Amino acid sequence: MPIKIDTQQIHRSLTTFSDRHKVRLAGKPRAAAALIQLVHHRQHMFAVVYRHHVARIFKLMFLNALRYARKEGASIGKWDLDTAVGFLTLDDEALLAQDAVASAAARDLLGRLRDRRMFKRALEISVRRSRKTTMQRIKAEDGVKLAEEIAAKAGVPPHLVALDPVTSRSYKEAHEMRIIQDEEPRRLGDLMNVKRDGDLLRGFLERPLLCCPKEHVKKVQEAARKHFGLKPTREFEDRSR
């Protein structure tokens, strides 16, 4: 079912108030329901769209292609990756330009994206069920380096393994939204428990994801389990099925 939010009502109800010598926006009472709905649906979009495993895998593959292209050739077709303009003007046409890429790894990744031969999930590490030291290590270390180490242990080319580490989201922006109540601007976070609602989704949104081509899933999964010292039945989930 499509998400419908009365943005016109929100726009019409916006007003200003003074906060420590700064002018800030707030919604009038009639827009309270729409603003609360906006926050809920924003969290929903992160859970089902922005942090969906397919979106994450596409991002990882494309970033890897850019990294290898820049490292070995500094360009994808007409896009010069050594310049800000080159990066900012990249679009879907870049996926069709893999023949003009010097890096064999980047050509392979762009070809897989173009032909929809997407990587598969090898595993997702449970934030709530894993050891604290495991999550601290993943947060602290470079995801690219960790992926390369796992690829080496699995005997898989490094460009074919990608890791999306845990990404913590802040709910401060939603908490600080203001609604006028009894002629006073009230924080939305005081009217609804933004943090609690966000924490309900945190276990789904902040799961480190390791992916690779389907034919390498089992090898990569086993190598990652040993690399992090994970227990097969508790700290990670087999996503190869």
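Computed from a prediction, not measured in an experiment: that's the story for all the values here.

S.K.: Honestly, the environment of Gly27 in this entry has me stumped. Any pointers?
M.R.: Position of Gly27 relative to the elements: it lies in strand S2 (residues 22-27). Residue classification places Gly27 among the buried positions, given a relative accessible area of 2%. For Gly27 and Ile179, which are 152 residues apart along the polypeptide, the C-alpha to C-alpha distance reads 4.7 Å. Those residues within four positions of Gly27 in sequence are excluded, and the remaining contacts are Ser13, Leu14, Leu35, Arg178, Ile179 and Ile180.

S.K.: Could you clarify how one ought to interpret the pattern of salt bridges in this entry?
M.R.: Opposite charge on two side chains allows them to pair when their charged atoms are near. Under the defined criterion, the tally for this structure stands at 14 salt bridges. Across the salt bridge formed by Arg178 and Asp19, the nearest N and O atoms sit 3.9 Å from each other. Linking Arg178 in strand S7 (residues 178-181) with Asp19 in strand S1 (residues 14-19), this pair joins segments that are 159 residues apart in sequence. Linking Asp115 and Arg117 is a salt bridge whose minimum nitrogen-to-oxygen distance equals 3.8 Å. According to the relative accessible area criterion, Arg117 is partly exposed, its value standing at 40%.

S.K.: Is there a simple way to explain the nonpolar core in this structure?
M.R.: Note that soluble globular proteins tend to have their nonpolar side chains buried in a common cluster. Judged by nonpolar contacts, the single largest core of 46 residues is most densely connected at Ile76, Val161, Leu210 and Val220. Looking at this core, the elements with two or more residues in it are helix H3 (53-72), helix H5 (104-114), strand S5 (120-125), helix H7 (143-154), strand S6 (162-164), strand S9 (209-212) and helix H11 (217-228). A per-element tally of this core places H3 first, with eight residues. Contacts of Val161, omitting those with residues within four sequence positions, involve Asn64, Phe119, Ala147, Ala151, Val156, Leu210, Cys211, Cys212 and Val220. Counting residues in hydrophobic clusters, the runner-up holds six residues, among them Ile10, Ala34, Val39 and Ile179.

The rules we used
Sequence order sets the numbering: in each chain, residues are counted from 1 along the sequence as written. Only residues with pLDDT of at least 70 are given local features in this predicted model, and only at 80 or more are side-chain atom pairs given and counted; all residues enter the totals for whole chains, interfaces and linings. The side-chain values count all of the structure's non-hydrogen atoms but skip hydrogen atoms and water molecules. Put simply, DSSP marks the helices as runs of H or I at least four residues long and the strands as runs of E at least two long, and each gets a number from the N terminus on. Using a 1.4 Å probe on the protein chains alone, a residue whose accessible area is under 20% of its type maximum counts as buried, one over 50% counts as exposed, and one in between counts as partly exposed. By the convention used here, residues are in contact when the closest approach between their heavy atoms is within 4.5 Å. Criterion for a salt bridge: a side-chain nitrogen of Lys or Arg within 4 Å of a carboxyl oxygen of Asp or Glu. As used in this record, nonpolar core signifies buried Ala, Val, Leu, Ile, Met, Phe, Trp, Tyr and Cys residues forming a set joined through side-chain atoms within 4.5 Å.

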